[in-house]
Amino acid sequence: VCFYWKPQGRAAEDAEENTAVTRKVAAALIPRGYMIDYAPGPRGTMFRACVNRETLRGTVEGLVKAIEVTCRELIG
């Protein structure tokens, strides 16, 4: 699953801005126990999370919550 952090419902128009946010947040999530990385996308680097049929809904919800909290802490 690949996605951008879109606090206003839209990814930034500036690809470099999206890339900076994604890389900064991904780096902060790894020490918190989340194995997330990023991939190139049409509007800069985007988050990439791999899941499978064994992935629990709570795990995905926890990741989304961690991204929201981390983005607020680092970006505002």
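Residues numbered from 1 in each chain as written. Predicted model: local features only at pLDDT ≥ 70, side-chain atom pairs only at ≥ 80, totals over all residues. Heavy atoms only, no water.

Structural notes on the sheet that holds strand β1 (residues 2–3)
The 3 strands lie next to each other as β1-β3-β2, forming an open sheet whose pairing is antiparallel. Each edge of the open sheet is held by one strand with a lone partner, namely β1 and β2 (37–39). Alignment of β1 against strand β3 (residues 46–48), held across 2 bridges, turns out to be antiparallel. Looking at the pairing, F3 lines up with F47 of β3. (Pairing = 2+ DSSP bridges. Helix = DSSP H or I, 4+ residues; strand = E, 2+ residues; numbered from the N terminus.)

Details of the packing of helix α1 (residues 15–29) against helix α2 (residues 57–74)
Running from N to C, α1 and α2 point in directions that differ by 115 degrees, and their axes come no closer than 10 Å. Crossing hand, α1 versus α2: right-handed. Each of K24, V25, A28 and L29 in α1 lies in contact with α2, whose residues at this interface are A66, I67, T70, C71 and L74. A per-class count over the contact of α1 with α2 returns 7 nonpolar, 1 polar and 1 charged. (Axes fitted to C-alpha atoms, helices over the stretch in contact; angles between N-to-C directions. Left-handed = near helix turned anticlockwise from the far one by under 90°. Contact = heavy atoms within 4.5 Å. Nonpolar A, V, L, I, M, F, W, Y, C, P; charged D, E, K, R; others polar.)

What to know about the environment of T19
Within the secondary structure, T19 is located in helix α1. Here the alpha-carbon distance between T19 and K6, two residues 13 residues apart in the chain, equals 12 Å. In contact with T19, other than residues within four places in its own chain, are G44 and T45. Polar side-chain contacts of T19 include one of 2.8 Å to the backbone nitrogen of T45. (Polar contact = N/O pair within 3.5 Å; in protein donor to acceptor, adjacent residues only side chain to side chain.)

Structural notes on the environment of V1
Along the polypeptide, V1 turns up in the segment before β1. For the pair V1 and R48, spaced 47 residues apart in sequence, the C-alpha to C-alpha distance is 5.7 Å. Residues contacting V1, with those up to four places away along its chain left out, are F47, R48 and A49.

Concerning the layout of surface pockets
Here the largest pocket defines a volume of roughly 240 Å³. Taken together, 14 residues form the lining of the largest pocket, with A49, C50, V51, V60 and L63 sitting closest to its centre. Residue classes in the lining of the largest pocket are distributed as 11 nonpolar, 3 polar and no charged. (1 Å grid on protein atoms, 1.4 Å probe; cavity = no way out; pocket = protein on both sides within 12 Å on 5 of 7 lines; lining within 4 Å. Points joined across faces, edges and corners; volume = space filled by probe spheres on them.)

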